[in-house]
Amino acid sequence: MLEANWVLSQEGGGVISEKATYCRICEPLCGLIATVENGRLVDIRPDKDNPISKGFACPKGIGMISVHNSPDRLLHPMHRQPDGSFVRVSWDLALKDIGERLRTIIAEHGKDAIGVYFGNPTAFSYSAFTWVKGMTDALGSPHFYSSGSQDTNTRFVASKLFYGSPLTISVPDLHRTDFLFMLGANPVVSHGSMVSGTHVRDALNDIVARGGRVVVVDPRRTETARLYEHVAVKPDGDAWLLLALLHTVFAERLEDAHAMVDVAVGAETLKEWVEPFRPEDVQHRCGVPAAQIRSLARDLASADSAVCYGRVGACVGGFGTLVCFLLDTLNLVTGNLDRPGGAVFPTPPIDTNGFIVQQGLDTYATKKSRIGQLPEVMGSMPAAVMAEEIRTPGPGQLRAVVVLSGNPVLSVPAGHNLAEAMTELDLLISLDIGVNDTNRHADYILPATTFFERDDFPMAMLPFQLRSFMQWTEPVVAPAGEARQEWTVLRDICAEIDIVPSSSAAVRRLGRLGRRLGPRLIFDAMLRLGPYGDRFGLRRGGLSFKRLRKKYPHGVVLSETVGTGVLRDRITHDDHFIQLAPSELRQELDRLSAEADSDPQYPLRVFGRRELRSINSWMKNSPKLMAGGRGPTCCIHPDDADQLALHDGALARITSKAGWVEARIEVTDDVVPGSVCLPHGWGQRVDVAGNRSGVGGPDYNALTADGAAAVEPLAGMSILNGVRVRVEPIPVSR
Ligand SMILES: Nc1nc2c(c(=O)[nH]1)N[C@H]1C(S)=C(S)[C@@H](COP(=O)(O)OP(=O)(O)OC[C@H]3O[C@@H](n4cnc5c(=O)[nH]c(N)nc54)[C@H](O)[C@@H]3O)O[C@H]1N2
Ligand SMILES: Nc1nc2c(c(=O)[nH]1)N[C@H]1C(S)=C(S)[C@@H](COP(=O)(O)OP(=O)(O)OC[C@H]3O[C@@H](n4cnc5c(=O)[nH]c(N)nc54)[C@H](O)[C@@H]3O)O[C@H]1N2
Ligand code: SF4
Ligand SMILES: [Mo]
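The structure presented is a predicted model; accordingly, all values stated were derived computationally and were not measured. For every chain, the first residue of the written sequence is number 1, and numbering continues from 1 onward in sequence order. Chain A is the first chain written and ligand 1 is the first ligand written, with later ones labelled in order. Per-residue local features of the predicted model are confined to residues with pLDDT of at least 70, and side-chain atom pairs are confined, for both listing and counting, to 80 or more; whole-chain, interface and lining totals are unaffected and use all residues. Side-chain figures throughout are based on the complete set of non-hydrogen atoms in the structure, without hydrogens or water.

Interaxial distance between helix 8 (residues 238–251) and helix 10 (residues 267–274) falls to 9 Å at its minimum, and their mutual angle equals 115°. With respect to the hand of their crossing, helix 8 and helix 10 are arranged in left-handed fashion. Residues Leu243, Leu246, His247 and Phe250 of helix 8 pack against Leu270, Lys271 and Val274 of helix 10. Under this scheme, a helix contributes an axis fitted over its contacting stretch, all axes are lines through C-alpha atoms, and angles between N-to-C directions fall in the 0 to 180 degree range. A helix here means a DSSP run of H or I that spans at least four residues, while a strand means a run of E at least two residues long, and both kinds are numbered starting from the N terminus. In a left-handed crossing the near helix is turned counterclockwise from the far helix by less than a right angle, and in a right-handed crossing that turn is clockwise. Contacts are assigned to residue pairs with any non-hydrogen atoms lying within 4.5 Å of each other.

As structure tokens, this is what we get:
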């Protein structure tokens, strides 16, 4: 085992050292060893001593060094000029001007006119995440947007309806299950989401090795589906499939009646509601043959242990909340909720959820958006209405936006509308490591640190860990150029407008008295007072950040399994019972049943995919990472290709009600007939870090629609998958 930070050589005055840290691009948080030479990051390799990743790191993690050291990395605050060009300014000037402009906006329109959008990397920085939430809470502004409405919000709402709390989210007990029923997830590429603290691919292989099954429900024979059993579902057909599974469980009396009665109410109503969804009647809607549905239901119900797990593909269709709700319902009725090998509820070493509850932040629908009256989800509003919120005059109009590590122009529906709307803002600020399609519209782009330049622990992943795991990392290098940690920038912006960025009223009061707490102090205290903490010296061998770093530089596994028997505590409805038949479920079943089966004008449905060697809209620019592969092709089934006279490699136009894109066709029977598959995160028109020319490609979100009428109504969730399209060849002569 190596020390946290050790010197390799000290020749000729140069110092080379190696430091243990971890990757913060996606959820496995793989351990890395950083080699630093004279203060510069010169090499990254997987950390074989990390107890979870054990020497694994994917090409993105290793490739992050080229993003970090990229000549296009943003190193200084940049100020946009009237002609659209950017000039370098000092931090002092930037912050002063930002402060002045925000004060003017507040004086004229109030704090409600200021909003925030935070993107995916925010979830990988304990300090940035806490401070951006704190800033919005201190502003009291409803304009709090994030990638959540394109990612997780339906999951939160389903939990709110089912358990009473958006924070009660189960993880699939991969290490002990006999049957994983996985829907809308492709962990072989994504490395797993909302399930952390394990190497997902090994965990899936182990299920099969011990005689169990992994069933992958996906409209594409994905990299994951290929390795296990594939159930080919139609895009957005999941609700039909899950309802038919439930129907079968009830009709054939396969349910675990005890498990249901003990913790839930509404079972009889639910049975009535799923009665009409006979597999034989809905097979054409989900694309899965009735016989296969029936045998899946029997196998799920009779397995010694089984778990239904859904992720992005389950969340971002037209019925995301319904689908997530039905997954939990299946876990319950098959007797697999809160039991080993089923759906389990972790207890993290730092009780961030407890903090959220204490501050009253675990809310749903306590406020509605000004545009469209859509419900907030833990304070977050639908990004799909941002453009309209900017453009619609009146009290509460959005006039200034801070974008933190995000690129909504490429990641939210109809991002091009948002791009246009953003030019009408009084002030747009972005904190990023590079220029992207969003911040090219910003008045200021402020240079942020990369994860190699900041301290961290895996805060947001703790509630999703199968193995309770903690690692504390210091920055491995000093910030490049004038880059600053996000939380300090947010703190300084808040100071300009005289607010204290904290979600806690007590901390805000302390702050106004001049006692400002930094993130490290706060979370160190939470760890020290938590179940594994040192109680400030009262418990020998207990943890603090300092001790974590010294004793466990590669991280430490605190418990190997998730404890069960906790469900009662996680149900927070007033009567302490799971609600199986809330009125919202009825409403969604009616909406589902009323949905037209097809649209002759748009006969196909588009769905997404992620790419192994890039993440969302960034890293597409690294030539090394992008080498090989076919790029962002539009996959289509041979039958559909034949009918449309499309051949492999042809250029085609894909058109939805909202817009169109052009992409190269890839003919493959990996995708179900009646669908097309396109990766998201392409369509760059400007430089991004590491690439001076921009990389282009089809912008998936030109096909998705924004506005209040276009979202999933219960969560205000953007509908990204299952969007109806038509595909046409583009004549070669063009
Ligand atoms: N059609 C379609 N759209 C989707 C999805 C889909 O499946 N289909 N997926 C959705 C999902 S799940 C997500 S999470 C969103 C992502 O949406 P966003 O989070 O809005 O976009 P990203 O592409 O992740 O952009 C991240 C930005 O953060 C910057 N960055 C990277 N590291 C750091 C850092 O350490 N600090 C700072 N300050 N900046 C940093 C990058 O340069 C980049 O500009 O996209 C959503 N959009
Ligand atoms: N390499 C890489 N890794 C990543 C990312 C990346 O961009 N690149 N992004 C990261 C982020 S932000 C996230 S949120 C996670 C997401 O991690 P996952 O949830 O595993 O996400 P995806 O890989 O998008 O898998 C979603 C699957 O849903 C399928 N799908 C689409 N529509 C439907 C449908 O209607 N029904 C069903 N059943 N399936 C459907 C798609 O074909 C796809 O295989 O991945 C993270 N990891
Ligand atoms: S990007 Fe790769 S190395 Fe980094 S956490 Fe994700 S899987 Fe691990
Ligand atoms: Mo995501």
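What follows picks up the thread again.
This part takes up the state of the cysteines. Criterion for a disulfide: a pair of cysteine sulfur atoms within 2.5 Å. The tally for this structure, following the rule as stated, stands at zero disulfides. Left unpaired, Cys634 is separated from the closest cysteine sulfur, that of Cys635, by 7.0 Å.

Positionally, His247 belongs in helix 8. Ignoring any residue separated from it by four or fewer positions in sequence, one finds His247 in contact with Val274, Glu275, Phe277, Arg278 and Pro279.

Attention now moves to unusual backbone geometry. In this structure, Leu29 takes a positive phi of about 55° despite not being glycine. In this fold, Leu29 is placed in the loop between strand 2 (16–22) and strand 3 (31–37). Partly exposed residues are those whose accessible area sits between 20% and 50% of the maximum for their type, while under 20% is buried and over 50% is exposed, using a 1.4 Å probe and protein chains only. With a relative accessible area of 6%, Leu29 lands in the buried category. Despite not being glycine, Asp236 has its phi angle at roughly 65°, a positive value. Residue placement: Asp236 occurs in the loop between strand 12 (229–232) and helix 8.

Let us look at the pattern of salt bridges. Whenever a carboxyl oxygen of Asp or Glu lies within 4 Å of a side-chain nitrogen of Lys or Arg, that contact is scored as a salt bridge. All told, the structure shown has 47 salt bridges when counted by the stated rule. Put simply, Glu453 and Arg73 hold a salt bridge, and the shortest N to O gap is 2.7 Å. With Glu453 in the loop between strand 20 (444–447) and strand 21 (468–470) and Arg73 in the loop between helix 1 (59–68) and strand 5 (78–80), the pair connects residues that are 380 residues apart, well separated along the chain. Classification of Glu453 by relative accessible area gives buried; the value is 2%. The salt bridge involving Asp299 is made with Arg213; its shortest N-O contact spans 2.7 Å.

Now for the packing of aromatic side chains. When the centres of two rings from Phe, Tyr and Trp lie within 6.5 Å, Trp using its six-membered ring, the rings pair. Their planes under 30 degrees apart give stacked, over 60 give edge-to-face, and anything left gives tilted. Per the stated rule, a full pass over the model turns up 14 aromatic pairs. Ring centres of Phe118 and Phe144 lie 5.5 Å apart, and the angle between their planes is 45°; on these two criteria the pair is classed as tilted. One end of the pair, Phe118, is in strand 7 (residues 114–118); the other, Phe144, is in strand 8 (residues 144–146), with 26 residues separating them in the sequence. Neither Phe118 nor Phe144 differs from the other in exposure class; each is buried. Ring centres of Phe451 and Phe452 lie 4.5 Å apart, and the angle between their planes is 45°; this geometry places the pair in the tilted category. Phe452 shares its class with Phe451; the two are buried. Ring pairs connect the aromatic residues Tyr126, Phe457, Trp472, Phe523 and Phe545, which therefore count as one cluster. Each ring is checked for a lysine NZ or an arginine CZ that lies within 6 Å of its centre and within 35 degrees of its normal; such an atom marks a charge sitting over the ring. For Arg586, the ring lying beneath its charged end belongs to Trp273, and the centroid distance is 5.2 Å.

Bringing the sheet that holds strand 28 (residues 675–679) into the picture now. Whether two strands pair comes down to DSSP finding at least two bridges between them. Ordered by their spatial adjacency, six strands build a closed barrel running 24-28-25-27-26-29, and the pairing between neighbours is mixed. Averaged over all adjacent pairs, the angle separating strand axes in this sheet is 45°, with direction ignored.

Bringing the nonpolar core into the picture now. Take the buried Ala, Val, Leu, Ile, Met, Phe, Trp, Tyr and Cys residues and link them wherever side-chain atoms come within 4.5 Å; each set so joined is a nonpolar core. Counting 96 residues, the largest nonpolar core has Phe181 and Ile578 as the members making the most contacts within it. Broken down by element, the residue count for this core peaks at 10 residues, all from helix 8. Note that the domain bounds reflect an automated or database-derived domain assignment. Counting the residues that make up this core, at least three belong to each of domain 2 (165–347 + 565–587) and domain 3 (595–729). When sequence neighbours within four positions are dropped, the list of residues in contact with Ile578 reads Phe162, Tyr163, Val263, Ala264, Val265, Leu332, Leu337, Leu567, Ile571 and His573. In terms of nonpolar packing, the next biggest core, distinct from the first, is built from 33 residues, Ile114, Leu404, Leu490 and Ile493 among them.

Turning next to the site of ligand 3. We call a residue near a molecule or strand as soon as one heavy atom of that residue lies within 4 Å of the molecule or strand. In the neighbourhood of ligand 3, the contacting residues comprise Cys23, Ile25, Cys26, Pro28, Leu29, Cys30, Ala57, Cys58, Lys60, Gly61 and His191. Here the nonpolar group is Ala, Val, Leu, Ile, Met, Phe, Trp, Tyr, Cys and Pro; Asp, Glu, Lys and Arg are the charged ones; every other residue, Gly included, is treated as polar. Of the residues belonging to the shell around ligand 3, the class tally is eight nonpolar, two polar and one charged.

With that out of the way, let us pick up the site of ligand 1. Taken together, 28 residues are adjacent to ligand 1, and Tyr117, Asn120, Asp432, Glu486 and Ser617 come closest. Within the side chain of His680, a nitrogen or oxygen atom sits 3.4 Å from a nitrogen atom of ligand 1. One nitrogen or oxygen atom from the side chain of Asn701 is found 3.0 Å from a nitrogen atom belonging to ligand 1. Here ligand 1, which alone exposes 930 Å², has 96% of that area covered by the protein. Whenever two N or O atoms come within 3.5 Å, that pair is a polar contact, provided that in protein one can donate a hydrogen and the other can accept it, and provided that, for residues adjacent in sequence, both atoms are side-chain atoms. Values of accessible area rely on a 1.4 Å probe in the Shrake-Rupley scheme; residue burial ignores everything except the protein chains shown.

Quick look at the pairing of strand 2 now. The element strand 2 is extensively covered by neighbouring structure, given that six of its seven residues are classed as buried. Looking at chain direction, strand 2 and strand 3 are connected through seven bridges and run antiparallel. By the bridge assignment, Ile16 is partnered in strand 3 with Glu37.

Another aspect to go through is the sheet that holds strand 14 (residues 307–310). Note on sheets: strands pair through backbone hydrogen bonds, and any given pair is parallel or antiparallel. Pairing is parallel across the open sheet formed by four strands, whose spatial order is 12-11-10-14. Looking at the sheet topology across the chains shown, the edges are occupied by strand 12 and strand 14. Taking each pair of neighbouring strands and ignoring which way they run, the sheet shows an average axis angle of 20°. Across five bridges, the pairing between strand 10 (residues 179–183) and strand 11 (residues 213–218) is parallel. Each residue of the ladder has a partner; that of Phe181, found in strand 11, is Val215. Along the sheet, helix 6 (residues 200–209) makes contact with strand 10 and strand 11, crossing strand 11 at roughly 125°. Helix-sheet contacts for helix 8 involve strand 10 and strand 11, and the interaxial angle to strand 10 is about 150°.

What the domain assignment lists for the protein is domain 1 (5–57), domain 2 (165–347 + 565–587) and domain 3 (595–729). On a C-alpha basis, the centres of domain 2 and domain 3 stand 27 Å from each other. The largest contributions to the domain 2 side of the interface with domain 3 come from Arg220, Pro235 and Val316, which together make up 27% of the buried area. The tally of links between domain 2 and domain 3 comes to six salt bridges. When two parts are put together, the accessible area they lose, computed with a 1.4 Å probe and summed over both, is reported as buried area.

As a further point, take the packing of helix 8 against helix 24 (residues 583–594). Running from N to C, helix 8 and helix 24 cross one another at 115°; their axes reach a closest spacing of 11 Å. Considering how the two elements wind past one another, helix 8 and helix 24 form a crossing that is left-handed. Residues Ala239, Trp240 and Leu243 of helix 8 form the contact with helix 24, whose own contacting residues are Leu589, Leu592 and Ser593. Of the residues that constitute the contact of helix 8 with helix 24, the class distribution is five nonpolar, one polar and no charged.

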